[in-house]
Amino acid sequence: MFAPLSESIIGRARKQGLIEINLVNLRDYTHDRRGTVDDVPYGGGPGMLMKPEPLFEAVEALRTPESLVVLTGPRGKRFDQTTARDLTRQSHIILICGHYEGVDERVREGLTDLEVSIGDYVLTNGNLAAMVIVDAVTRLLPGVLGCDESSADESFSAGLLEYPQYTRPAEFRGMSVPEVLLSGNHAEIAAWRKRQAQELTRRLRPDLLSEKEN
Ligand SMILES: C[S@@+](CC[C@H](N)C(=O)[O-])C[C@H]1O[C@@H](n2cnc3c(N)ncnc32)[C@H](O)[C@@H]1O
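Let me sum up the structure you'll find in this document. (Residues numbered from 1 in each chain as written. Predicted model: local features only at pLDDT ≥ 70, side-chain atom pairs only at ≥ 80, totals over all residues. Heavy atoms only, no water.)

1. Side note on the overall build of the protein chain
This is how the line gets drawn: In DSSP terms, a helix is any run of H or I states spanning at least four residues, a strand is any run of E spanning at least two, and both are numbered starting from the N terminus. Throughout this description, buried means an accessible area under 20% of the type-specific maximum (1.4 Å probe, protein chains only), exposed means over 50%, and partly exposed covers the range between.
When helices and strands are counted, the protein chain shows seven helices and seven strands. Listing the helices and strands of the protein chain from first to last along the sequence gives α-β-β-α-β-α-β-α-β-α-β-β-α-α. Projected onto its principal axes, the C-alpha coordinates of the protein chain cover approximately 70 × 40 × 35 Å. Buried positions account for 36% of the 214 residues belonging to the protein chain.

2. As for unusual backbone geometry
Residues arginine 168 and proline 169 are joined by a peptide bond in cis, for which omega reads 5°. Mapped onto the elements, proline 169 comes out in the loop between helix 5 (127-138) and strand 6 (171-172). Positive phi, normally seen in glycine, also occurs at arginine 173, with a value near 50°. Mapped onto the elements of the fold, arginine 173 is located in the loop between strand 6 and strand 7 (175-176). For arginine 173, a relative accessible area of 74% translates into the label exposed.

3. Side note on the sheet that holds strand 3 (residues 68-78)
Inclusion rule: When DSSP finds two or more bridges between two strands, those strands count as paired. The axes are straight lines fitted to the C-alpha atoms, using for helices just the contacting stretch, and the angles between their N-to-C directions are given from 0 to 180°.
On the basis of which strands lie adjacent, the open sheet formed by three strands has the order 4-3-5 and parallel pairing. Since the sheet does not close on itself, it has two edges, and those belong to strand 4 (93-96) and strand 5 (114-117), each with one partner. Between one strand axis and the next, the sheet turns through 45° on average, direction left out of account. Sheet topology places strand 3 next to strand 4; four bridges connect them, and they run parallel. Pairing of leucine 68 across the sheet is with isoleucine 93, part of strand 4.

4. As for the packing of helix 6 (residues 186-204) against helix 7 (residues 206-213)
Put simply, the rule reads: Any angle that is under 35 degrees is reported as roughly parallel, and any over 145 degrees as roughly antiparallel; angles of 65 to 115 degrees are reported as roughly perpendicular and all others as oblique. Here a residue-residue contact requires only that any non-hydrogen atoms of the pair lie within 4.5 Å. Residues were grouped as follows: Ala, Val, Leu, Ile, Met, Phe, Trp, Tyr, Cys and Pro as nonpolar; Asp, Glu, Lys and Arg as charged; and all remaining residues, including Gly, as polar.
Where helix 6 contacts helix 7, the two axes come as close as 5 Å, and the packing angle between them is 110°. Regarding the angle of helix 6 to helix 7, the classification is roughly perpendicular. Along its contact with helix 6, which presents Gln198, Thr201, Arg202, Arg203 and Leu204, the element helix 7 presents Pro206, Leu208 and Leu209. The class makeup of the residues in the contact of helix 6 with helix 7 is four nonpolar, two polar and two charged.

5. Observations concerning the site of the ligand
To keep it simple, the criterion reads: Proximity criterion: a residue is near a molecule or strand once any of its heavy atoms comes within 4 Å of it. Pairing of N or O atoms within 3.5 Å defines a polar contact, subject to two protein rules: one partner must be a possible hydrogen donor and the other a possible acceptor, and residues neighboring in sequence count only if both atoms are side-chain atoms. Under the convention used here, a 1.4 Å probe and the Shrake-Rupley method define accessible areas, while residue burial counts only the protein chains that appear.
The environment of the ligand is formed by 18 residues, the closest being Thr72, Gly98, Glu101, Gly119 and Tyr121. One of the side-chain N or O atoms of threonine 72 is found 2.8 Å from an oxygen atom in the ligand. Interatomic distance of 2.8 Å between a backbone N/O atom of tyrosine 121 and a nitrogen atom of the ligand. Considering the ligand on its own, with 580 Å² of exposed area, one finds that the protein chains cover 81% of that surface. Counting only elements with at least two residues in the shell around the ligand, the list comes to strand 3 and strand 5. Among the elements that make up the shell around the ligand, the one with the highest residue count is strand 3 (three residues).

Take a look at the structure:
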């Protein structure tokens, strides 16, 4: 599930030393022969919960005074581009991936600085959620994208969706690229893009505009 960490832009960023990512196996922080990390919930109910001891031991062994401990979970703060940008300012982040029915509540109370949800649905575990967070944060780090401006203009960066983009050919199956983009007039192109971004956002995501006004 963590294969994307070695591929494409994230893999390259790691090789270039722009970000360091370490995977930690919680079973390394258990003390029984089977490496038990889960147990039945008090009070009954379906499924298993992650035990507090291995999580506390692991985080306590790994964290520094600068670490931010982030728990993944459906009840957390909804992950968005602003949170991704905020996380780029952290020097060390520990992401906790829950499994089974989730984690013992004391992990929230005693270990977690921030709980993050990647959306209103339930995943089987926190691995993919962690991957989403790592991906969105890494691409915002200086030097990671080929050209640093690549993330400056895109969706959510100014509280707007991105304007429509086209590449060659100028004519394809009866659909043509808007004339203004072929004009070479940079001021007109910039104004067209701004208008398009505003119109698209108003039509598809009016909630973003009201957030921007507040
Ligand atoms: C099956 S879920 C647990 C769901 C929990 N029983 C509940 O109802 O809220 C197991 C783990 O997947 C991860 N997870 C599931 N959905 C998530 C989401 N929307 N955002 C972030 N992490 C999620 C969390 O790490 C969670 O501990």
